Amino acid sequence: MYQVCSNCVMDTTDSKIEFDEKGVCDHCRSFYEHTLPNWHVGERGGVMLASQLDRIRKNGRGKDFDCIIGMSGGIDSSYLTYVAKEEFGLRPLVFHVDGGWNSDIAVNNIERLVDGLKLDLYTEVIDWEDMKDLQLAYFKSGVPHIDTPQDHAFFATMYKFATQYGVKDILTGANLSTECVRNPVEWMYFQSDSVQLKDIHRQFGTKPLRNYQVTSILWHKLYLPYVKGIKSWRPLNFIPYTKTDAMTLLATKFGWQPYPQKHFESRFTRFYESYWLPEKFGFDTRRVQYSSLILTGQMDRREALEKLQSPAYDPETIHHDMEFVATKLGIGVDELQRYFDAPNKSYTDYKSSAWLYEFGSQVMKLLRLEIGGKR
Ligand SMILES: [Zn+2]
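If you're wondering where the values come from, they're calculated on a predicted model, not measured in any experiment.

So, on to the side chain of serine 77. With respect to the helices, strands and loops of the structure, serine 77 is situated in helix H3 (residues 75-86). Looking at serine 77, the relative accessible area reads 5%, which means it is buried. Polar contacts involving the side chain of serine 77 include one to the main-chain amide nitrogen of serine 72, which spans 3.1 Å. If we skip the residues at most four places from it in the chain, serine 77 touches Ile69, Gly70, Met71, Ser72 and Gly173.

Among the residues of helix H8 (residues 194-204), Ser194, Gln196, Leu197, Asp199, Ile200 and His201 are the ones counted as buried. Its buried side turned inward, H8 meets helix H5 (128-141) and helix H6 (148-165). The opening residue of H8 is aspartate 193, an N-cap whose side-chain oxygen sits 2.9 Å from the backbone nitrogen of valine 195.

With that settled, the discussion passes to the coordination of the zinc ion. Binding of the zinc ion to the protein goes through Cys5 (SG), Cys8 (SG), Cys25 (SG) and Cys28 (SG), at separations of 2.3 to 2.4 Å. Each donor residue of the zinc ion lies on one chain, and together they are spaced C-x2-C-x16-C-x2-C. Here the residue cysteine 5 occupies a position in the segment before helix H1 (26-35), and cysteine 25 occupies one in the segment before H1, the gap between them amounting to 20 residues. Overall, cysteine 25 belongs to the buried group, its relative accessible area being 0%.

Right, let's talk about the side chain of aspartate 11 for a bit. Mapping aspartate 11 onto the fold places it in the segment before H1. Separated by 3.1 Å, the side chains of aspartate 11 and arginine 287 make a polar contact. In contact with aspartate 11, not counting residues within four places along its chain, are Tyr2, Gln3, Val4, Ile17 and Arg287.

Reading guide: rules and limits
- Residues numbered from 1 in each chain as written.
- Predicted model: local features only at pLDDT ≥ 70, side-chain atom pairs only at ≥ 80, totals over all residues.
- Heavy atoms only, no water.
- Helix = DSSP H or I, 4+ residues; strand = E, 2+ residues; numbered from the N terminus.
- Buried < 20%, exposed > 50% of the residue type's maximum accessible area, 1.4 Å probe, protein only.
- Polar contact = N/O pair within 3.5 Å; in protein donor to acceptor, adjacent residues only side chain to side chain.
- Contact = heavy atoms within 4.5 Å.
- Donors = N, O, S within 2.8 Å, 3.2 Å for Na, K, Ca; no water.

Structure representation (structure tokens):
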């Protein structure tokens, strides 16, 4: 039976959702019971932040930069970059990974911000032949999480860079304010799972990967932080962060342009999250994004329900997007359509380290090292 949460807008398209007698879902309960009590943006957050910042500034003395910021051009990473330079007094190297699908707005936003803040930008361009072969392999595999090749490359190259240049701190725009509800694992499986990535490429790829960087959960969650001392952390969780305020500030100061939807800085992700995922699988990531904003008081539930009435893509122009994606991947629209019509698969149809992720998230919860994880 179809049901939508009475508090947020998550619904039974998330097959593991559980409602209580008041019709409130487990995403909401987890937010109120676990996330909120452990999330400190006030004085307590300030103290935790200050000691981290001290350490980073000290570590960076005499070096060209003291940390790396992973920058997509989206609002979270853009605002983080601004805050890091102007409010934290850090000297970040802005690290951008070009997976071949940057929108013009993204390129423009990154340039304006980096120039305006007088920061250095390092762009790593992913080998396009590798990316193409991997993305096609994911389309052929029938799984929903076809954004993995981009996302995996973003993190793997950033970690590799940090290792090569001895940078100890990686700052990311990941945050609870706009992402306290996470995409369910069945919608978007863990993109860092190299076992699954390799299995899908082994079955559906057409040639060996030449330069594509592969990371693994053990390498970046255990080896890098605890052996090499390279830590990735999320400063936006320690300060008040409101999406619309951040957008207004960046627009006024730098001419930064907003996107119609989260993650639309990549043309592939726009196609994938607005069309492929909802139309082929029934998974609408706006439900997750809006629910996060509702829980953090940044959006009205009625407004969210209203917006969800119309599709995230424009039916008038979607065939242009189909053509753009197909052409860029070197296939015809008919072939892309065949992948769309093929039976849906899930991450469980391929090899994975799912058990390790589950185990890891239990441990993190017990040690209270992470709040607001996936389920
Ligand atoms: Zn809910």
